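Structural description and commentary
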Amino acid sequence: MSAEQDLVGRQIAHYRVLEKLGAGGMGEVYLAEDTQLGRKIALKVLHAGTASDPERLARFRQEAKALASINHPGIVTVYSVEEIDGLDFITMELVEGTTLSSAMGGSRLSLDRFFDIALALTDALSMAHEKGVAHRDLKPGNIMVASNWSIKILDFGLAKLLQEAPGGQDETEILTREFQVMGTAGYMSPEQLRGETIDYRSDIFSLGVVLYEMATGRRPFEGKSSLDLATSILRETPAPLTDLAPELPRHLGRIINLCLGKDPDSRFQTARDVHNQLRELKNEIKTEEILTSRIGIRQLDAGRPRPWLKKAAIAAGAVGLLALGFALYRGIGGPGRVPSEAAAPLAETPRIVVLPFENLGPPEDAFFADGMTEEITSRLAMIQGLSVISRTTAVRIAKTQSIQEIGEELGVDYVLEGTVRWSRDADGPSRVRVTPQLIRVSDDSHLWATTYDEVIEDVFDVQSAVAAAVIESLGVSLLGSDRESLEARPTESVSAYQALLRAREWTRQPFSEETQRMTVQMLERAVELDPGFGLAWAGLAQHHALLYFNNWDATSGRLALAKAALDNAERLLPDDPRARLAAGYYRYYGLGDYQGAIEEFEEAARGLPNDSEVMQAIGFAQRRLGRLEDALDRLSAARGLDPQNVDLIDQIAETAQALRRYGPADEQWRQAIALAPDRTVLYERRAENELRWRGDVASARAILESAPEPDASLFSWDRIGFLDLDLLEREYDAVLAELGGSPQDDPVKEAKRLLTLGLTARLAGRGEQAETALEASRGIFENLVFRSPESQRFKSGLGLALALLGRREAAIEAGTEAVEGSATDLFTGPRRRENLAAIYAWSNEPDRAIELLTDLLSQHYQASISPALLAIDPTWEPLRQDSRFQGLAGAG
């Protein structure tokens, strides 16, 4: 006789069983009536055939104990644990509603509904974890949703009390034997699949799967079989949320990704952290503070503090890569030859700034309003006879400033501002409503204002119409090519255009390998949706080449991807200056052909006369050819169109420093800090300049201590590893203590940490410690060279490690090869010669080392060395007693 026939209709003590509600792996659930209290309850009975199994019985009672310890509105309430007539059962709160999986019905939830459920779910799970209970089978089928969308977590049948039992032994250790897998396929964590010991963080992984499914309507991991599914969970990376639903907030994907880390240590460590992050994101979306002004979220982006590292990277040139790496979509600029103030207007032509258009739609549509602003700015920037302030400066303008104040600060005659609303109608086409207005600064008069209300497919026509109306109002004559530029439609696919906007959004994040790879991913999505999208191909060419240039993928395969994308861009945009800009970047980043890059950039400048990015690109390429004075002029001219671009001011300072004009460089960094006082890297660059200028460690330390999060040391990742203030003061024990306890996740930084640890140990006379660190560093560098054979920096680092290990011939060979591979770069390439000088110094070749140093001190380039720094840097300790070196260091 079946359990259902045995129990439905039966009276068990004072419980009358009414009907069966369902069954699971451990037991059956019935609707019952408590005749004593007159209420309906859920009654869960252990399977009759397994009640005699001690392990299952223990787990069943474990569930009851776990649940009974929790009192939370989001977790089902346990009333009692009983055994009557051989039946083991628990009585629980009867939950009305449907499962979350049924409520979703294979579709994703609206963003508001997502946050309602996600916040309730994470709060309930946090309570369970705080009570020492891990669910271990979290899935939509175990989450009940009521008619008002409140939730209850059910079935802690696989829960495990994580608190230790008396005597120090886990109460449920017997329930999870080695390699035994519990849970539901598709929602299990990697450690569950491997049969490893699990903790609360396994629930966080399952939570991430549930959140992903709620947000996108599909699971992050899929497979045709259980084995395929397990393989997917263990090895594959889920598709980004914004690929599946571009309108979702970008940071939602970040939060969910941090739940789905393969390694428990790489996830959020508590459900409370997930809850807090989701709550903060919801508040940011709902709050209009950063969206209801004409500046909106863009101003917040412009002043976002950089994450602080205990030893922050300040290698001269790192920001050079950052500034040049902001894609086809970011400009930088600056005035005068090492100016102290923003430049006056470049010519007697109308000057205009396009302020960020205000997003009147849902907060997640801010990227679309940003795109509208950027496209209109770009179209205006193509027009001869008009001077257009760059977007980078426009987003920094304080929202409280008046039109007159903006005009005075930027030297502009006109301001264009407006609003954007992107409306989606389930019963009709999506529409975009744009309301721009052009204001004359001199008398704050509105020259022109109108409203465009069009279907989304006509968004490019709206952009063209706005730009054309502005030009007509300013009385600027249009050439035939100008009109073609204004009326161009880059793509017929709105989805592809959105992917391009997402890519641009990633370029505005702090420059890193992750942001560049995400940019490439979104651009690849754009060309997948529209293979004829020339601008997306142009951007893809640049960012593939940028990954190559920054040694994140310095392989022939990556370079081939860049060339293929460029070929498509040039075929689709034969006369477009942005294709020429992409070609210049390919030559710059990919081929190291700086003269060819300048020629491409100059051609692009003829079609983009107001684009500060093109001016910068020319200046950066000129620096690589050693034409620093010309570069300084170009960068200063660029700042005339982008006077508040902090990254560009930083580049002007760096160029002045390369010319060994340390005082003017210091003044530029002071200006940059005044504009962005929260950006610690600027303090670091100014402190390093102080060391090169005066060799004054105390002064450099004071500059660092004035930073928002002060530190006592500096990184110089590009030469011997660290330029540490304690190292410069010969405080070797302090350096060893710090470096010995701070391993880096990034292999490049770890190789250099170990290299500097080895150098310091060698200087301190600790031979065994030096050998251990240097051998480890050598191994990592060899692997880096194998992975990125075109990276001269890695070869140079390998040479330094070998020299410090006493392997003279191999060290000189590696260092020489790095110098030869960098010979065409006259701005950063000579740093490889600095490294070779250090290799010679530690290989008992003082004559060759001093010869190199003498030559380098006579050159202008992005130098690490200066007479003042040579005098205090222990890297050159093997040369310290040589009178020739003392003369170079100003000590003789």
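Figured I'd write up the structure that's included with this text.

Okay, unusual backbone geometry next. Phi angles above zero are rare outside glycine, and arginine 136 is one such case at about 70 degrees. Relative to the assigned elements, arginine 136 resides in the loop between strand E8 (133-134) and strand E9 (143-145). Assessed through its relative accessible area of 4%, arginine 136 is described here as buried. Residues other than glycine seldom take positive phi values, yet arginine 730 does so here, at roughly 65 degrees. With respect to the helices and strands, arginine 730 occurs in the loop between helix H30 (725-728) and helix H31 (732-740).

Turning our eyes to something else, we now look at the sheet that holds E9. Sheet architecture is open: 3 strands sit in the order E7-E9-E10, paired in antiparallel fashion. Two strands in the sheet have a free side with no partner beyond their single neighbour: strand E7 (98-99) and strand E10 (151-153). Where E7 lies against E9, 2 bridges are found, and the strand directions are antiparallel. Directly across from threonine 98, in E9, lies its bridge partner valine 145. Its contacts with the sheet put helix H4 (residues 111-130) on E9 and E10, and the angle it makes with E10 is roughly 35 degrees.

On to helix H28 (residues 680-694), then. Helix length check: H28 (15 residues) gives 21 Å between terminal C-alpha atoms against 21 Å at 1.5 Å per residue, within 8%. Where burial is concerned, most of H28 is hidden: 13 out of the 15 residues are buried. Glycine 695, located one to two residues past H28, shows a positive phi value of around 65 degrees.

This part covers the sheet that holds strand E2 (residues 15-23). Strand order in the open sheet formed by 6 strands is E1-E2-E3-E4-E6-E5, and the pairing between neighbours is antiparallel. Looking at the sheet topology across the chains shown, the edges are occupied by strand E1 (11-12) and strand E5 (78-84). The sheet contact formed by strand E4 (residues 39-46) and strand E6 (residues 87-93) spans 5 bridges and is antiparallel. In the sheet register, valine 45 faces E6, and the bridge partner there is phenylalanine 89.

What counts and what doesn't
- Residues numbered from 1 in each chain as written.
- Predicted model: local features only at pLDDT ≥ 70, side-chain atom pairs only at ≥ 80, totals over all residues.
- Heavy atoms only, no water.
- Helix = DSSP H or I, 4+ residues; strand = E, 2+ residues; numbered from the N terminus.
- Buried < 20%, exposed > 50% of the residue type's maximum accessible area, 1.4 Å probe, protein only.
- Pairing = 2+ DSSP bridges.
- Contact = heavy atoms within 4.5 Å.
- Axes fitted to C-alpha atoms, helices over the stretch in contact; angles between N-to-C directions.
- Expected span 1.5 Å × (residues − 1).

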